[in-house]
Amino acid sequence: MIFAVRHPSLRSRLCRGGAVALMLSLTASGVLAQTASPSPPDQAAIDQRNKELEALRAKQKEAAEAEQRLKAEIATLGQDRTKLNQQLIDTAARIRTIETNISDSEGRIRPLDAREAEIRLSLETRRDRIGEVLAALQRAGRRAPPALLVTPEDSLQSLHTAMLLGATVPEMRARALQLANDLGELIQVRKNISEERDRLKGERDRLTTDSTRLAALVEERQKQQSEIERNMAAEARRAANLAKEAGSLQDLIAKMEQDLQSAAKAAAAAELKGTPPSVNGKPNLRGMQDTARLSPAIAFATAKGLLPLPVNGTKIRSYGGPDGNGGQEKGISIATRPGGQVTTPCDGWVVYAGPFRSYGQLLILNAGGGYHVLLAGMDRISVNIGQFVLTGEPVATMGSQSQVASILAAPSSQPVLYIEFRKDGTPIDPGPWWTAKEGEKVRG
C-alpha cells in the first residue's frame, strides 16, 4: 500500500529521514551491502604506511629499552631474596587476576556477538519487507533521496522523525517502528561489544607486561638456584632415569627421595622442618609474611581451608568420582586457559619436576609431615628438584591442550591440571584444604 503525504515539509522529512537513513543504516549493518572496486594507492596512503612503520620501529626500540631496564631492576632485586620472592608471588597473583578478568570479558563478548549475528540475520531475512518500506518512503517525496552517508544513530533519529506521521500512515509507522527497534538494539550491542573489546585489549596488554616481568623474575630465581646446585644437569639426568624405572607415582616418590641427592636432601629437610609449631592448636599465619623463609610457615595438616587453588579454571573431575575406567578419582582435574599460570598451593620442597608417563609434566612437592602434593599436566615447569618454594609462587605454565587425557579417560579440548594430595603414600581428599569449596566453579 502506498500512502500520499500532502504536506511538503513532512513529505521531505519522511523521504530523507526515513528512506535514505534506513537504507544507508542497513547498508552499514551489512543487510544491503555493496562492493566498491579498490582504488590504486595514492601518495597519502604511502606516506601513512611510512608513518606506521616509523611508529612500529619506535615502539620496538622502546620495548627493547624497557626490557634492559627490567633486567637491571631484577638483577638488583636478586640480591635480596625476600624482595625477589615477594615480587614473584605478587606478579604471579596479578597474572592470575588478569587471567580471570580476560575470561570474564570473553564470556561477556560471546553472547553479544551471538545477539549481533541474530539481529543481522533477522534483518537479512526481511529484505522484502524492508524494500516495501523503503519504496513507500521514497514515493512519498517529490525528489530522489540525496546520496548522503549517515551513521546508524542518525538513521535512528530520522526514523523517529518519520514515525511522527503515524496518524496518517499507521501501517508504515508500525513497520518503521519495528525496524527502528532492531536498529536501536544493534547500535547498543555494537557499542557494548566495542567497550568489551577495548577492555579485553587493555587486560591482554597488562598480561603481556606482567608475563614479561614474571619470566625475568623466574630466570633470576633459577639463576641463583643453579649457583647453589652446581650439579643440576647430572641430577636432572639421574631423575629422568629413575622416572623411567618407576612403576607408579608412589614408587617414583620413593625412588626420588631415596636415590636422588637433591630430592633426598629436600625430604630430610621436610622431615626435620616440615611440622612447624602451632599457636594454641592453630596455625601461626604471621609466618606466611616472611618471604625469606626456607621451611613451611605452617604445618600442612593445620592448613585446612587456607590453601589457594594453583590455577584458574573450571573443575571437571572431583575426588572420589568415577574415573571412567571403573575406579574412583584420586585427585581433582581443572580445565584451564591455554598458557595459564600455575602457582604452588602450599610451601614445600620439590622432589620431582619433569615428564612422567601419561601425566605430562609432573611436579611433586614434599609439604612435610608425610604429605605430598602432585601437580600434573603442565607444559613447562620452572623450578628444580631440591628447591624450596613458597605458597603462591609461580612454578609452571599450562600448554594449549590437555596432556592428561589418559588420566581423564576422555579427551579434553582445554589444558587440564591434575591435582592430587597424598598422606604417607595414600591419596586423600584435597577438598578440606582449599579456600574455595569443592564443587564451586573455579574462577578463570
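The structure we're discussing is the one just above.
Residues numbered from 1 in each chain as written. Predicted model: local features only at pLDDT ≥ 70, side-chain atom pairs only at ≥ 80, totals over all residues. Heavy atoms only, no water.

Trainee: Before we move on, could you go through the overall build of the protein and cite the residues and values that matter?
Mentor: Scanning the protein for helices and strands turns up ten helices and eleven strands. Counting across all 444 residues of the protein, residues that qualify as buried make up 45%. Intrachain contacts of the protein at a sequence separation of at least 6 include 73% that bridge at least 24 residues. Of the roughly 23,100 Å² of accessible surface on the protein, a fraction of 52% belongs to carbon and sulfur atoms. (Helix = DSSP H or I, 4+ residues; strand = E, 2+ residues; numbered from the N terminus. Buried < 20%, exposed > 50% of the residue type's maximum accessible area, 1.4 Å probe, protein only. Contact = heavy atoms within 4.5 Å. Areas by Shrake-Rupley, 256 points an atom, 1.4 Å probe, with all protein chains shown as cover.)

Trainee: Let's hear about the pattern of salt bridges: which residues, and what values?
Mentor: Counting across every chain of the model gives 17 salt bridges. In this structure, the salt-bridge partner of glutamate 196 is arginine 108, at a minimum N-O distance of 2.8 Å. You can see glutamate 196 sitting in helix 6 (residues 170-228) and its partner arginine 108 sitting in helix 3 (residues 81-125), a full 88 residues away along the chain. According to the relative accessible area criterion, arginine 108 is partly exposed, its value standing at 38%. Note that aspartate 347 and arginine 293 form a salt bridge whose closest N and O atoms lie 2.7 Å from each other. A residue pair is termed long-range when its members are at least 10 positions apart, and aspartate 347 in the loop between strand 3 (341-343) and strand 4 (348-355) and arginine 293 in the loop between helix 9 (261-273) and strand 1 (314-317) qualify at 54 residues. When its relative accessible area of 8% is taken as the criterion, arginine 293 is described as buried. Within the structure, one salt-bridge network assembled from shared partners comprises Glu106, Arg204 and Arg337. (Salt bridge = Lys/Arg side-chain N within 4 Å of Asp/Glu carboxyl O.)

Trainee: Before we move on, could you go through the environment of glutamine 328 and cite the residues and values that matter?
Mentor: As for its placement among the helices and strands, glutamine 328 is situated in the loop between strand 1 and strand 2 (332-335). Non-local contacts of glutamine 328, meaning those with residues more than four positions away in its chain, are made with Gly320, Gly321 and Asp323.

Trainee: Pulling in residues and values, what's your account of the packing of aromatic side chains?
Mentor: Enumeration over the complete set of coordinates arrives at nine aromatic pairs. Judged by centre distance (5.0 Å) and plane angle (55°), the ring pair of tryptophan 349 and phenylalanine 388 falls under tilted. Residue tryptophan 349 is located in strand 4, and its partner phenylalanine 388 is located in strand 8 (residues 388-389); the two are separated by 39 residues in the primary sequence. Owing to a relative accessible area of 4%, tryptophan 349 belongs among the buried residues under this scheme. Ring centres of phenylalanine 421 and tryptophan 434 lie 5.2 Å apart, and the angle between their planes is 50°; on these two criteria the pair is classed as tilted. Here phenylalanine 421, found in strand 10 (residues 416-423), pairs with tryptophan 434, found in the segment after strand 11 (426-428); they are 13 residues apart in sequence, far enough to count as distant. (Phe/Tyr/Trp six-rings, centres within 6.5 Å; stacked < 30°, edge-to-face > 60°.)

Trainee: Can you break down the packing of helix 8 (residues 249-259) against helix 9 residue by residue, with the values?
Mentor: Across the interface, helix 8 lies against helix 9 with an axial gap of 5 Å and an inter-helix angle of 95°. For the element pair helix 8 / helix 9, the angle class is roughly perpendicular. Where helix 8 abuts helix 9, its residues Met256, Glu257 and Asp259 lie against Gln261, Ala263, Ala264 and Ala267. A per-class count over the contact of helix 8 with helix 9 returns four nonpolar, one polar and two charged. (Axes fitted to C-alpha atoms, helices over the stretch in contact; angles between N-to-C directions. Parallel < 35°, antiparallel > 145°, perpendicular 65-115°, else oblique. Nonpolar A, V, L, I, M, F, W, Y, C, P; charged D, E, K, R; others polar.)

Trainee: Break down the nonpolar core for me, with residues and values.
Mentor: Phe300, Val342, Leu363, Met378 and Phe421 are the most contacted members of the largest nonpolar core, which totals 30 residues. Broken down by secondary-structure element, the contributors of at least two residues to this core are strand 2, strand 5 (361-368), strand 6 (371-378), strand 9 (394-397) and strand 10. Top element by residues in this core is strand 6. It accounts for four residues. Counting 27 residues, the second largest nonpolar core, distinct from the first, contains Ala243, Ile253, Met256 and Phe388. (Core = buried A, V, L, I, M, F, W, Y, C linked by side-chain atoms within 4.5 Å.)

Trainee: How would you summarise the sheet that holds strand 3 if you had to cite specific residues and measurements?
Mentor: Strand order in the open sheet made by the three strands is 3-9-7, with antiparallel pairing throughout. Edge strands, defined here as strands with exactly one partner in the open sheet, are strand 3 and strand 7 (380-381). Strand direction decides the pairing type here: strand 3 and strand 9, joined by three bridges, are antiparallel. If you follow valine 342 over to strand 9, its bridge partner there is alanine 396. Against the sheet, helix 3 engages strand 3 and strand 9, with an angle of about 135° to strand 3. (Pairing = 2+ DSSP bridges.)

Trainee: Residues and numbers for unusual backbone geometry, please.
Mentor: If you check the backbone angles, arginine 357 has positive phi at about 45° while not being a glycine. Accessibility expressed as a relative area gives 56% for arginine 357, which makes it exposed. Within the chain, aspartate 424 stands out as a residue other than glycine whose phi angle is a positive 50°. Tracing the chain through its elements places aspartate 424 in the loop between strand 10 and strand 11.

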